[in-house]
Amino acid sequence: MGLFRRKKKESVTGILPLNIEAVFSSFGINILNSDTVRIAIDRIANHACKLKPRHIKKEKDALVESESDINFLLKNAPNHIMNPTTFLYRVVSLLFINNNCFIYPLTSIEGNLEGLFPLRPRTVEASKDETGQLFLKFFFDSGEEYTLPYENVIHLRRFYCENDVFGGNGALSDHATLIKTVSINDSILAGIDNAIKSSLQIKGLLKMNAMLSQEDKDKQKAIFDTALRTSIKDNNSAIIPVDLKADYVPLNSDPKLVDAATLEFLNEKVLSYFGISKPIYLNKYTEEEFNAFYEGTIEQLSIQLSEEFSRVLLTKEEQKKGEQIIFYSERLQYASWNTKVNAIEKLMGLGLMSLNEARSLLGLEPVEGGNKRLQSLNFVDQTKANLYQVGEEQEN
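A brief report on the enclosed structure follows. (Residues numbered from 1 in each chain as written. Predicted model: local features only at pLDDT ≥ 70, side-chain atom pairs only at ≥ 80, totals over all residues. Heavy atoms only, no water.)

1. Quick word on the pairing of strand E5 (residues 100–107)
Stated precisely, the cut-off is as follows: Exposed residues in this analysis have more than 50% of their type's maximum accessible area, buried residues have under 20%, and partly exposed residues fall in between, with area computed by a 1.4 Å probe over protein chains only. Helix and strand definitions here come from DSSP, where helices need a minimum of 4 consecutive H or I residues and strands a minimum of 2 consecutive E residues; each element is numbered from the N-terminal end. Paired strands, in this sense, are two strands between which DSSP finds at least two bridges.
Judged by how many residues are buried, E5 sits mostly within the fold: eight of eight residues are covered. The alternating pattern of E5 places Asn100, Phe102, Tyr104 and Leu106 and Cys101, Ile103, Pro105 and Thr107 on opposite faces, both of which are buried. Where E5 lies against strand E10 (residues 154–157), four bridges are found, and the strand directions are antiparallel. Residue pairing in the sheet places Cys101 in a bridge with Leu156 of E10. Pairing geometry for E5 and strand E6 (residues 113–119), over six bridges, is antiparallel. Each residue of the ladder has a partner; that of Thr107, found in E6, is Leu113.

Structure below.
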C-alpha cells in the first residue's frame, strides 16, 4: 500500500479477541449488480459531496476558519488523487455499499497530516490488547495486512446496532434484507427478457401434406425461407403463397409479464433501504421533497462526518478549546427562487448575511465590497429598548 507510515505503538503486541463477531467483510459489493442500487447510491453521493468540510476554531466570540494543514487538505485536496468533491463521493459510496467506511489519515514522521485516504479492505478484524485499546487489522486484496489503533482511523457506519464495532448485519455487510428484494427484481427482469426472446423466435410451423424424407423437408423449408425473405425485401410484405403440398400453422406466443405495480413496489423497497424517494432517484423533485431527503438522509450523514473527523483529526485539547471539523451544507440547500429571496430579505435584515453571501445563494458571483453586513434599524438590543421607545436614559 505504501500509505501506512504511522509509528507503531508498544501496545500492538499481545492482541486479545473481543467478545463479539468482530469481522467486517465487503460482501456488499454484490449489490452493485443492480442498476437501481447503483443509481440510488450515486444520487446520495452526488448530493453529499456538495458538503463543505472546514476546520473551525473559536476566536473571541466568533467561529472562524483555521489556517491549519487539516483545513487546507479539506478545502483543496484530501490526497494527491482526489479533490474534496471526489473524496466525499467515494467516502459516501463506500459507506452505503459496505455499511462501513474507513479513512486513514496519513501523517509524516513529524506527525503532520499529509493526506486522507478512503480504504477498500477485503476484511477487517477488531481486537483489543492487554490494556483494553481497540485495534483494527486490515486485509487487502493485494495480500497486505496492517494493524492500526482504532483511534487513528476515521470510521463511518450505517445500521450500527448488532455489532460493537462495525455497521451492518452482524459485522458482515451482506445487505441480507436488500439482496432478497434485489434477487426477486433480477429474476423478474430475467423472466421479461426470456419472454421477449421467446416471442421473437418461432412464429409458426410449415406442415408438409406428404411423406417426405428429411432431405426433402429441408429443401422445402429452404424454399419457404427464401420466398419469405424475398417477399419482405422486394414487396415489404410477410405474405407468401403456399400450394396444397404445405400448410403454414401460426403459433400464438402470449408471454405473461409482471405488472407495473409489482415492479414499482420492488423498486420502492430498494429506494427506502437507502433513504431516498422516487423523485430524488429520478432527479425530479420539488423543494419539499428535497428538504425531506436532506433531513432524512444527508443531515445525519453530515453530522456523523463532522463528529468522526473531529474525533480523529483533532486532539482532546483542541476540541476542549472549541475546535471542530464541520461539514457545511450551504451548497446543498434546494429552494425555489421566491423562497431564496424571502430568506435573503429576513437574514440580511438581521445582519446574518452579507451581500456576497446573498448573491452566492442566488448563484451570482461576488462583487467588490460585498462582504459588508447590512442590518435593518427595525431591530434593537433588548436591554436598550426603553431608550429607543420612550427616551429614558440608561442607568449606570
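2. Points about the packing of helix H1 (residues 35–48) against helix H8 (residues 287–313)
Note the threshold: Lines are fitted to the C-alpha atoms to define the axes, a helix being fitted only along its stretch in contact, and any angle between axes, read from their N-to-C directions, falls within 0 to 180 degrees. If an angle is under 35 degrees, it is roughly parallel; if it is over 145, roughly antiparallel; if it lies from 65 to 115, roughly perpendicular; otherwise it is oblique. Any two residues whose heavy atoms approach within 4.5 Å at even a single point are treated as in contact. Three classes are used, and their members are as follows: Ala, Val, Leu, Ile, Met, Phe, Trp, Tyr, Cys and Pro are nonpolar, Asp, Glu, Lys and Arg are charged, and the others, Gly among them, are polar.
Orientation of H1 relative to H8, taken along the N-to-C sense of each, is 80°, at an axis distance of 11 Å. By the criterion of interaxial angle, the relationship of H1 to H8 is roughly perpendicular. Along its contact with H1, which presents Ile44, His47 and Ala48, the element H8 presents Phe290, Phe293, Thr297, Ile298 and Leu301. Class assignment of the residues belonging to the contact of H1 with H8 gives a composition of six nonpolar, two polar and no charged.

3. Looking at the sheet that holds strand E3 (residues 52–59)
Read from one edge of the open sheet, three strands run E4-E3-E13, paired in antiparallel fashion. Two strands close off the open sheet at either side, each with one partner strand: strand E4 (62–65) and strand E13 (324–328). Direction aside, neighbouring strands of the sheet carry axes that sit 45° apart on average. Bridge count for E3 against E13 is five bridges, and the pairing is antiparallel. Residue pairing for E13: Lys52 is matched across the bridge by Tyr328.

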